Each structure stands twice: as structure tokens, then as C-alpha cells.
Amino acid sequence: MTQAQLAQGNDPLLAVRDVSVVFGGIVALNGVSFDMRQGQILGLIGPNGAGKTTLFNCLSRLYQPSSGDILMEGKSILTRPPHRIAEIGIGRTFQNVALFPNLSVIDNVRVGAHARTSSDIVSDSLRLAWVRRGEADMNKKVHAILAYLDLEEVAHTVVSGLPFGTQKRVELARALAADPKILLLDEPAGGLNHEEVHVLGDLIRKIRDDRKITVLLVEHHMGLVMSIADHVVALNFGRKLAEGTPAQIQADPDVIKAYLGSKDQ
């Protein structure tokens, strides 16, 4: 039995409640609701302009919904600014890699780890004992994540000189360094070849199973979504079109018409 199945009876870890977003009269999201359970990999799909990125940006607090609510463990996240979203356990990657290109791999990952530290400028400047202990613990955690994602050999390499697929892993490492409960993955398969996509799918499942992290996956690569997701939500024109298991979504006539194409394609 999967972790997702074990969690079905629990309250949702994340609840999206009737979320709408309007930009200057254009409705980007229209009353979207769904739940994410602890341990799930949830796929969010839909054609270009369906509202996937808008919803993702609401979850990471880059956008403020026009109406509705988003609850994390029963509490609204909408009063939190973006820089305080990591501390409640929400981490994300970006469709276009958003690393610090002139920093090394290890320094990029340290940035993620700093999101969950409690030090301040005064304590850091005085090098207080508790700060030094915290730094030692953080460095140990960062090295463990680099080893977990096979990035040790490039730890001190400047990110801009790395292949795109490796940069994507660095961004994933940075997100994991913040100890997220929910990991938001924005088009992680973009720019990857077939073999890299297969490896990515195995890695996402491994992260869920090993690190007990719930995953929300926004992705155009249907093969990846349908092979690893426990549950899928399909959007179209800002509305929820359908939700269910991958098999249910693949058989849904509205989804087929809007996005997946005919079964024999």
C-alpha cells in the first residue's frame, strides 16, 4: 500500500478552496478547489493558459487570490509574504531555472537551507556559539542532500557552467534543503531528454518515499505525470475540468478533448 493510500482517511495537508484570480478583468482562475493528502504525488495538468502557473504562484505566495482560500494543515497561508512561506514547509522549483548563476552548487543549496534558520544579523556578526552550531548542522545537511542527489562531484562548480539537467537537480537540492513538507515542482521535465525524464520520475518517487515529502507536480509531459502521480487535477480556461486517478483522467472525455487527444494518438 502506498503512502498516499495510507493517508486517504486523514485531513488534507493542503486544501485549495474556491480560489479565483482576476487580472484586469481577465479571469485566470475561476473557483478552483482540491485537496492534497500527506504522501501524495498530485499532478496538475492542462493546456497553455489553463491556469496552472497562476495557481502555483498562489500556492507559493507570489500571487494573491482575488477570492477563496488556501489552507496548509488547516491554517490559511494567504496572510504570509512569499519570503515566509518556506518556514511553514512549502518549497518550490521554477519552470525556468532560478538559481544564482555565479555561485557554486553548494552555495546555492546553502541558500535553501538558510530559509529555515533562526539566526539574525547581530547573532551572525558576533559569531555566537548557537549560530556556529547551527552552521555546522546546516553544512552537514547540505552535504547530505548533495550526496543524495549525486551532486558531490560538482559541489564547488559554478552553476552557470553546468548542463541544464544538472542545474535542475541543483534547484531541487536547494528546495529540499529547506525541509519542505510540500514540494511544488514547476515543469521539472522541461528541457530534459527521454532518459533524463525517466530518471526524474524515479527520483520524485524516491524523494516522496525516502523523505516523506508530498509533491505537487505541474507538468506538460503526460508520460511522467501519468506514471508517477497518485491523483491528477486537470484545469482548462481557469476552471477545474476533472480530477481523479491517472486512469480516470486518461479516460475522461472532457480531458481527452481539451488536452490529451484521442486515445489512439
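Above this text you will find the structure in question.
As the structure is a prediction and not an experimental result, all values here were calculated from the model.

Parameters and conventions
- Residues numbered from 1 in each chain as written.
- Predicted model: local features only at pLDDT ≥ 70, side-chain atom pairs only at ≥ 80, totals over all residues.
- Heavy atoms only, no water.
- Helix = DSSP H or I, 4+ residues; strand = E, 2+ residues; numbered from the N terminus.
- Buried < 20%, exposed > 50% of the residue type's maximum accessible area, 1.4 Å probe, protein only.
- Contact = heavy atoms within 4.5 Å.
- Areas by Shrake-Rupley, 256 points an atom, 1.4 Å probe, with all protein chains shown as cover.
- Pairing = 2+ DSSP bridges.
- Axes fitted to C-alpha atoms, helices over the stretch in contact; angles between N-to-C directions.
- Parallel < 35°, antiparallel > 145°, perpendicular 65-115°, else oblique.
- Nonpolar A, V, L, I, M, F, W, Y, C, P; charged D, E, K, R; others polar.
- Polar contact = N/O pair within 3.5 Å; in protein donor to acceptor, adjacent residues only side chain to side chain.
- Expected span 1.5 Å × (residues − 1).
- Phe/Tyr/Trp six-rings, centres within 6.5 Å; stacked < 30°, edge-to-face > 60°.
- Lys NZ or Arg CZ within 6 Å of the ring centre and 35° of its normal.
- Core = buried A, V, L, I, M, F, W, Y, C linked by side-chain atoms within 4.5 Å.
- Right-handed = clockwise from strand over helix to strand, strands pointing away.
- Arc of directions from axis to C-beta.

1. Thoughts on the overall build of the protein chain
Next, step 1: If you tally the helices and strands in the protein chain, you get 10 helices and 10 strands.
Next, step 2: Per-residue burial over the protein chain gives 46% buried out of 265 residues.
Next, step 3: Partitioning the intrachain contacts of the protein chain with sequence separation of at least 6 by distance along the chain shows that 66% fall at a separation of at least 24.
Next, step 4: Here the protein chain displays about 12900 Å² of accessible surface, and carbon together with sulfur accounts for 52% of that area.

2. Structural notes on the pairing of strand S10 (residues 239-244)
Every other side chain in a regular strand lies on the same face of the sheet, so the side chains alternate between the two faces.
Next, step 1: Two strands pair when backbone bridges link them, and strand S9 (residues 231-236) and S10 are joined in this way by 5 bridges, in the antiparallel orientation. Each residue of the ladder has a partner; that of Val233, found in S10, is Glu243.
Next, step 2: In this antiparallel pair of consecutive strands, S9 and S10, the connection spans 2 residues, and Phe237 shows a positive phi of 50°.

3. What about the packing of helix H6 (residues 164-177) against helix H7 (residues 194-211)?
Next, step 1: Direction vectors running N to C along H6 and H7 enclose 10°, while the axes themselves pass 12 Å from each other. Comparing the axis directions of H6 and H7 gives the class roughly parallel. The residues of H7 that touch H6, namely those facing Gly165, Leu172 and Leu176, are Glu196, Leu203, Ile207 and Arg211.
Next, step 2: When the residues that make up the contact of H6 with H7 are grouped by side-chain class, the tally is 4 nonpolar, 1 polar and 2 charged.

4. A few points about the side chain of Gln40
Next, step 1: Turning to its location among the elements, Gln40 is positioned in the loop between strand S2 (26-36) and strand S3 (41-45).
Next, step 2: The exposure class of Gln40 is buried, given its relative accessible area of 4%.
Next, step 3: Looking at Gln40, its side chain comes within polar contact range of the main-chain nitrogen of Arg37, at 3.0 Å.

5. Let's talk about H6
Since the α-helix advances by 3.6 residues per turn, residues separated by three or four positions end up pointing in the same direction.
Next, step 1: Its 14 residues give H6 an end-to-end C-alpha distance of 20 Å, which sits within 8% of 20 Å, the value for a rise of 1.5 Å per residue.
Next, step 2: By the criterion of burial, H6 is predominantly enclosed, with 11 of the 14 residues buried.
Next, step 3: For H6, every residue scored as buried is listed here: Thr166, Gln167, Lys168, Val170, Glu171, Leu172, Ala173, Arg174, Ala175, Leu176 and Ala177.
Next, step 4: Once H6 finishes, Asp179 follows within two positions and takes phi at roughly 55°, a positive value.

6. Let's talk about the packing of aromatic side chains
Next, step 1: Taken as a whole and assessed by the stated rule, the structure comprises 1 aromatic pair.
Next, step 2: Lying over the aromatic face of Phe94, Arg92 brings its terminal NZ or CZ to 4.1 Å of the ring centre.

7. Some details on the nonpolar core
Next, step 1: Ranked by internal contacts, the top residues of the largest apolar core, which has 46 residues, are Ile45, Leu146, Leu149, Leu172, Leu176 and Ile204.
Next, step 2: The dominant element in this core, judged by the number of residues it contributes, is H6, at 6 residues.
Next, step 3: In this structure, Leu14, Val32, Phe34 and Ile77 belong to the second largest nonpolar core, which totals 29 residues.

8. Let's talk about the side chain of Gln167
Next, step 1: Here Gln167 shows up in helix H6.
Next, step 2: Residue class for Gln167 comes out buried when judged on its relative accessible area of 15%.
Next, step 3: The contact partners of Gln167, leaving out residues within four places of it in the chain, are Val97, Leu99, Val159, Ser160 and Leu162.

9. Remarks on the pairing of strand S7 (residues 182-186)
Next, step 1: Extensive coverage of S7 is indicated by the burial of 5 of its 5 residues.
Next, step 2: Residues Ile182, Leu184 and Asp186 point to one face of S7 and Leu183 and Leu185 to the other, with burial holding for every one of them.
Next, step 3: Note: S7 against strand S8 (residues 214-218), 5 bridges, orientation parallel. Pairing of Asp186 across the sheet is with Val218, part of S8.
Next, step 4: Taken together, S7, H7 and S8 form a β-α-β motif whose crossover is right-handed.

10. Section: helix H3 (residues 105-114)
Next, step 1: Val105, Ile106, Asn108, Val109, Gly112 and Ala113 are the residues of H3 that are buried. Along the axis of H3, the buried positions cluster into a sector of 160°, meaning they face one direction only.

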